[in-house]
Amino acid sequence: MTRFNHRGLFVAAALSLGVLFTPAAHAEGWQLLPVLNDSGFKFEPTLALTANRLSPDQGDSATAWGLDLNFNCALLQSPDKRIRTHINVSQSDESGLKTSAFELSPHYTMPVGMPGLSVGVGPSLAVFKVETAGLSRNLTGLGLAGGVNYRAGAFYVGADVRVHSTGSKDGVDLDPVTWGLKAGVNF
């Protein structure tokens, strides 16, 4: 991706966050801190193993393995209870480059087609630890994430794409596009 696309990414992520925190979002059934204010609130967690392809702005792509934990958002919830928070932790180690990632992303989800199938999109915040021979840097990233999920009883599968802009720190620049598959269990 080019720098131009990353500026657009920042604007889109900022607008997504802005919509979630406007006064209108708190009216008409939107709930702030539903974990405290809604006696019927349920986390409905899902834990899944992930296999991702991490493609940095420069350099070779790498395979990353990890975990995705997603659950109903406890901080802000839409009237139709469709916001799910995704926490993704992954690690790759290829071609002398080791990357560890922690990503946090609330997704607004919408059911599509058959029961249990949904698509979701939302802003994403990330911290990437990038290590090569003699060099270790932590980079923060702002981006967008989106995906498709299927839930049937305890069974869960999904696919997603996450794009982050990390900027540069001491000449280290990641700006990854990450896409992958996940499979796990609904609790």
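In this text, all values refer to a predicted model and were calculated from it rather than measured experimentally.

In the structure shown here, the tally under the stated rule is six salt bridges. Between R162 and E103 there is a salt bridge whose closest N-O contact spans 2.5 Å. Taken as a pair, R162 in strand β9 (residues 155–165) and E103 in strand β6 (residues 97–111) lie far apart in primary sequence, 59 residues in all. The burial state of R162 is the same as that of E103; both residues are buried. Its salt-bridge partner being D160, residue K182 comes within 3.1 Å of it at the nearest N-O pair. Here the residue K182 occupies a position in strand β12 (residues 177–186), and D160 occupies one in strand β9, the gap between them amounting to 22 residues. The exposure class of K182 is buried, given its relative accessible area of 5%.

Before going further, it helps to spend a moment on unusual backbone geometry. The general pattern is negative phi for most residues beyond glycine and trans for most peptide bonds. Its identity is not glycine, yet L33 carries a phi of approximately 55°, on the positive side. You can call L33 partly exposed: its relative accessible area is 33%. We note that K81 has phi near 55°; this positive angle belongs to a residue other than glycine. Within the secondary structure layout, K81 lies in the loop between β4 (76–77) and β5 (83–94).

Next up on the list: the pairing of β6. Here 12 bridges tie β5 to β6, and the two strands are oriented antiparallel to one another. Bridging across to β6, Q91 finds its partner in S100. Turn length for the β5-β6 hairpin, with the two strands adjacent in sequence and antiparallel, is two residues, and the turn residue S95 shows positive phi of about 55°. With 11 bridges joining them, β6 and strand β7 (residues 117–132) adopt antiparallel strand pairing. Among the inter-strand pairings, L104 is bridged to a residue of β7, identified as L125. A loop of five residues connects β6 with β7, the two strands running antiparallel in sequence, and G113 in this loop sits at a positive phi of about 60°.

Another point: the sheet that holds β5. Ordered in space as β2-β3-β5-β6-β7-β8-β9-β12, the eight strands form a closed barrel in which the pairing is antiparallel. Neighbour to neighbour, the strand axes of the sheet diverge by 25° on average, direction disregarded.

Mapped onto the elements, E94 comes out in strand β5. Residues E94 and S61, 33 residues apart in the sequence, show an inter-C-alpha distance of 8.5 Å. With residues near it in sequence (within four places) discarded, E94 still touches R53, S61, A62 and T63. A distance of 2.8 Å separates the side chain of E94 from the backbone nitrogen of T63, its partner in a polar contact.

Rules of the game
- Residues numbered from 1 in each chain as written.
- Predicted model: local features only at pLDDT ≥ 70, side-chain atom pairs only at ≥ 80, totals over all residues.
- Heavy atoms only, no water.
- Salt bridge = Lys/Arg side-chain N within 4 Å of Asp/Glu carboxyl O.
- Helix = DSSP H or I, 4+ residues; strand = E, 2+ residues; numbered from the N terminus.
- Buried < 20%, exposed > 50% of the residue type's maximum accessible area, 1.4 Å probe, protein only.
- Pairing = 2+ DSSP bridges.
- Axes fitted to C-alpha atoms, helices over the stretch in contact; angles between N-to-C directions.
- Contact = heavy atoms within 4.5 Å.
- Polar contact = N/O pair within 3.5 Å; in protein donor to acceptor, adjacent residues only side chain to side chain.

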